[in-house]
Amino acid sequence: MSDLIGDNYPMLLVMSRFGIPLGFGEKNVKEVCKMHHVDACTFLTVVNFLSDDSHDTPILSDCFSMEALISYLQNSHTYFLDFRLPNIREKLVNAIHNCPKDVAFVIIRFFDEYAEEVFKHMQYEEKVVFPYVKGLLKGEKDSRYNISIFKKRHDQIEMKIIELKNLIIKYYPAEGGNLLNSVLFDIFACEQDLASHSKVEDFLFTPAILELEKNQC
Amino acid sequence: MTINLNIVVADPSVIIRCGIEATLKRIQGIRFHIDEVSAIDTLYEFLKKRKPDILIINPALLGYASLSLLREECACPKLKCVALLYAVAERSLLNQYDEFITIYDTAEDIKNKLEKMSIHEEEDKTEDDEELQTLSSREKEIVVCVVKGLTNREIAEQLYLSAHTVITHRRNIARKLQIHSASGLTVYAIVNKLVELGDIKK
């Protein structure tokens, strides 16, 4: 397990979203997962999928658990909404306090609008998509909804934060300093992280649901 | 001037895909965003979602499917398609492609081919590129209106333009500044002192 994280540190986030804490000693992935009642097969599917640069949908093995994947996605949402974005906002506010008041105001306003968009985006998945899939797993088919609707309207939420980053880099009117650079690094990381989150939803989650729908017809 | 290109490399071989990616990254003067795809199904999905500029594809992957059909189905009418050849290929097979590269091409060869291909596209843009990123005074007026929350029609009325012209201006502004949202333009307008905070808080 420590080899896995050491080789590819963003997997730390995957681990914690599956509910595996640090301090696993020399145990291997299977042992660690078993200890924390995490489905090792699903964990490995996500890890392998994210480590691969291509966007191919992996063939899911029989042991793959959709429930575990959903709980992973939900934990990711909580992470972005309750920790990542508020944390960036707080650092951003501190970092830009010495720039002109009006500029600081519009930058923060831009950020808040963005956070609201991300919230709505994820809220939709929580309120509509996940309940639908959970129903599907129980064998209840809701004829009013299908995953293609989600596929169509699922947009790229990282675009707007890229815009914010570019705005700051190109037009920031005052001395930036270490703090602002650090926020920019956070934004870069968050952007990557949101992109891989979408990658899981578009190329792992959605195809799996399509398959599930087919089997129920 | 740096060109930005979004490229998809479609080939079943991971060694080839990585090789292409590494070679492209050595090319100076073009900024690449590269994605890899190994199977035809994923390719369709991917093109629909991401709308890249160029597709570098192993013709064997496409089989006898036609590229014009692919473009149509994925709603990417302007997609440039480059055949990726391992060996000598029959000419007729290559007719439908915009260009081809072989695995023995140097980074320089590939660069020339890619540039030649995007030049057709860029020709009408070159004039704009000279004044890239700086907005004309008309465009600045439009930014101010957008930031104040006016609709396209209101802007047209106020500046005595047609709604169509306003839309063209807005598209140019988005391209020059790489800012696509109204709130992004607000930040731009405040930083560049085109408006004051009081104007937009209403």
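About the thresholds
- Residues numbered from 1 in each chain as written.
- Chains lettered and ligands numbered in written order.
- Predicted model: local features only at pLDDT ≥ 70, side-chain atom pairs only at ≥ 80, totals over all residues.
- Heavy atoms only, no water.
- Helix = DSSP H or I, 4+ residues; strand = E, 2+ residues; numbered from the N terminus.
- Rg over C-alpha atoms; globule rule 2.2 N^0.38 Å.
- Buried < 20%, exposed > 50% of the residue type's maximum accessible area, 1.4 Å probe, protein only.
- Contact = heavy atoms within 4.5 Å.
- Areas by Shrake-Rupley, 256 points an atom, 1.4 Å probe, with all protein chains shown as cover.
- Lys, Arg positive; Asp, Glu negative; His and termini not counted.
- Charge placed at Lys NZ, Arg CZ, Asp CG, Glu CD.
- Pairing = 2+ DSSP bridges.
- pLDDT = per-residue confidence, 0-100.

Side note on the overall build of chain B
Moving on, step 1. Looking only at helices and strands, chain B has 12 helices and 5 strands in total.
Moving on, step 2. Whereas a compact globule of 202 residues would reach a radius of gyration of roughly 17 Å, chain B reaches 21 Å, over 25% beyond that.
Moving on, step 3. Across its three principal directions, the C-alpha atoms of chain B cover 65 × 35 × 25 Å.
Moving on, step 4. The buried share of chain B, taken over its 202 residues, is 45%.
Moving on, step 5. Pairs at least 24 residues apart make up 63% of the contacts formed inside chain B by residues separated by at least 6 positions.
Moving on, step 6. For chain B, the accessible surface area stands at approximately 11200 Å², while carbon and sulfur atoms represent 51% of it.
Moving on, step 7. In chain B, the 27 positive side-chain charges and the 31 negative ones have mean positions that sit 6 Å from each other.

Digging into the pairing of strand E3 (residues 54–57) of chain B
In regular strands, side chains alternate between the two faces of the sheet.
All names here are of chain B.
Moving on, step 1. By the alternation rule, side chains of E3 split into Ile54 and Ile56 and Leu55 and Ile57, which are all buried.
Moving on, step 2. As judged from the 4 bridges shared by strand E1 (residues 3–10) and E3, these two strands associate in the parallel manner. Considered in E3, the bridge of Val8 is made with Leu55.
Moving on, step 3. Alignment of E3 against strand E4 (residues 80–85), held across 4 bridges, turns out to be parallel. Paired with Leu55 across the bridge in E4 is Cys81.

Observations concerning the confidence of the model for chain B
All names here are of chain B.
Moving on, step 1. Of all residues in chain B, 91% have pLDDT values of 70 or greater, and the mean over the chain is 85.
Moving on, step 2. Put simply, helix H7 (residues 126–130) is where chain B has its lowest mean pLDDT, 48, and E3 is where it has its highest, 93.
Moving on, step 3. Taken together, the stretch residues 124–128 has pLDDT below 50 and engages in 1 contact with residues farther than four places along the chain or on a different chain.
Moving on, step 4. This prediction of the complex comes with two scores: 0.71 for pTM and 0.77 for ipTM.

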